[in-house]
Amino acid sequence: QKEVEQDPGPLSVPEGAIVSLNCTYSNSAFQYFMWYRQYSRKGPELLMYTYSSGNKEDGRFTAQVDKSSKYISLFIRDSQPSDSATYLCAMSGGGSGGYQKVTFGTGTKLQVIP
Amino acid sequence: GAVVSQHPSWVICKSGTSVKIECRSLDFQATTMFWYRQFPKQSLMLMATSNEGSKATYEQGVEKDKFLINHASLTLSTLTVTSAHPEDSSFYICSARDLIGALFQETQYFGPGTRLLVL
């Protein structure tokens, strides 16, 4: 079983729709949860991060973490064609004492159709 | 924001040759840089962690003699693919941590990637 599971998609939605992207994980030690956006042939760009459980909102984006279910989500409101990209979830153990390895999901390819 | 550059952006080489990829943090000092490999429709696979002035730490299954990493300064790390073979063809991405400037300690700033094709 992979540590992080993410549906690769592709996910196609009409412009203006609410998009829900999800990941599940198996390692209960994960404490930092991140979402990256990767455009084709480019490096990933950090979109949002959360620590432990709860919600975090930034503009049209909301990140949600449910540690009890080992499930994280990214919601995109009023989706735009420019949101078309691959979205990768990522997580790490966090804590003190140095770097904690980040584990990435496979990414979900999103296409927002005008 | 923190910017990481990679050079070259793409390279085609013959089997058996060596290829060097550079990763630079342009506006911050990166004590730690990471090298990833990404195959189509697969997640980023960490190859090694590179610390300035010390030997790189390789992930299990990554050949250190084949993928040579040098982190000579706080702004530059290089990955050399030695005696490249067609199976080494992939998208190589570096990232760097900005411990001082980042609001979030786990933030990694990624370079644009280097696409390697070995014929």
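If you're wondering where the values come from, they're calculated on a predicted model, not measured in any experiment.

Undergrad: How should the overall build of chain A be read in this particular structure?
TA: A tally of regular secondary structure across chain A gives zero helices and eleven strands. Rg of the C-alpha trace for chain A: 14 Å, near the compact-globule value of 13 Å for 114 residues, within the 12% margin. By its C-alpha atoms, chain A is 45 × 30 × 25 Å across when sized along the principal axes. Across the 114 residues of chain A, 43% fall into the buried class. Taking as baseline every contact in chain A between residues at least 6 positions apart, the subset at least 24 positions apart corresponds to 55%. Summed over all atoms, the accessible surface of chain A reaches about 5,500 Å², with 47% contributed by carbon and sulfur.

Undergrad: Would you take a moment to explain the state of the cysteines for this structure?
TA: By definition, a disulfide links the sulfur atoms of two cysteine residues through a covalent bond. Residue and element names in this part refer to chain A. Under the definition given, this model contains two disulfides over all chains. With a sulfur-sulfur separation of 2.0 Å, C23 is cross-linked through a disulfide to C89. Here the S-S torsion is close to -100 degrees, and the disulfide linking C23 with C89 is therefore left-handed. Residue C23 is found in strand β3 (residues 19–25), and its partner C89 is found in strand β9 (residues 85–92); the two are separated by 66 residues along the sequence.

Undergrad: Is there a simple way to think about the interface of chain A and chain B in this case?
TA: Reports often express the size of an interface as the amount of accessible area lost when the parts come together. Facing 21 residues of chain A, the contacting portion of chain B comprises 22 residues. Carbon and sulfur atoms make up 60% of the surface buried where chain A meets chain B, a total of about 1,800 Å² over both sides. Linking chain A to chain B there are zero salt bridges. Seen at the junction of chain A and chain B, the total is two residue pairs in polar contact (both at pLDDT 80 or more). Those elements giving two or more residues to the side of chain A that touches chain B turn out to be β4 (32–38), β5 (45–51), β9 and β10 (102–104) of chain A. At four residues, β4 of chain A tops the list of elements feeding residues into the side of chain A that touches chain B.

Undergrad: In this structure, what is going on with a nonpolar patch on the surface? I would like to understand it.
TA: Side chains of W10, I12, L117 and L119 of chain B sit close together on the surface and give an oily, nonpolar patch of about 460 Å² of accessible area. A relative accessible area of 59% means that L119 of chain B is categorised as exposed.

Undergrad: Please explain the pattern of salt bridges as it appears in this structure.
TA: It is possible for side chains of opposite charge to pair when their charged atoms get near one another. Residue and element names in this part refer to chain A. With the rule as written, the count across this model stands at five salt bridges over all chains. Here R77 ties to E57 by a salt bridge, and the two come within 3.4 Å at their closest N and O atoms. Residue R77 is found in the loop between β8 (71–76) and β9, and its partner E57 is found in strand β6 (residues 54–58); the two are separated by 20 residues along the sequence. Using a relative accessible area of 28% as the deciding quantity, one classes R77 as partly exposed. Here D83 ties to R60 by a salt bridge, and the two come within 2.9 Å at their closest N and O atoms. Remark: R60 occurs in the loop between β6 and β7 (61–66) and D83 occurs in the loop between β8 and β9; sequence separation between them is 23 residues. Overall, the relative accessible area of 26% leaves R60 in the partly exposed class.

Parameters and conventions
Within any chain, residue numbers begin from 1 and follow the written order of that chain's sequence. To read the labels, note that chains go from A and ligands from 1, taken in the order they are written. Per-residue local features are limited, in this predicted model, to residues with pLDDT of at least 70; the limit for side-chain atom pairs, both in listing and counting, is 80 or more; totals at the level of whole chains, interfaces and linings are taken over all residues. Remark: hydrogens and water are excluded; side-chain values derive from all non-hydrogen atoms of the structure. Runs of E in the DSSP output that reach at least two residues are strands. Runs of H or I that reach at least four are helices, and both are numbered from the N terminus. The quantity called the radius of gyration is restricted to C-alpha atoms. Its globule counterpart is 2.2 Å times the number of residues to the power 0.38. Per-residue accessibility, obtained with a 1.4 Å probe over protein chains only, is compared with the maximum for each type, and a residue is labelled buried under 20%, exposed over 50%, and partly exposed between these values. Note on contacts: a residue pair is in contact if any heavy atoms of the two residues lie within 4.5 Å. Only the protein chains shown count as covering a residue, and every accessible area follows the Shrake-Rupley method with a 1.4 Å probe. Count a disulfide wherever a pair of cysteine sulfur atoms falls within 2.5 Å. Summed over both partners, the accessible area (1.4 Å probe) lost when two parts come together is defined as the buried area. For salt bridges, the criterion is a side-chain nitrogen of Lys or Arg within 4 Å of an Asp or Glu carboxyl oxygen. What qualifies as a polar contact is a pair of N or O atoms within 3.5 Å, subject to a donor-acceptor requirement within protein and to the restriction that residues adjacent in sequence count only when both atoms come from side chains. Think of a patch as exposed residues, more than 30% relative accessible area, with no salt bridge, where like charges cluster within 9 Å and nonpolar side chains (Val, Leu, Ile, Met, Phe, Trp, Tyr) cluster within 5 Å.

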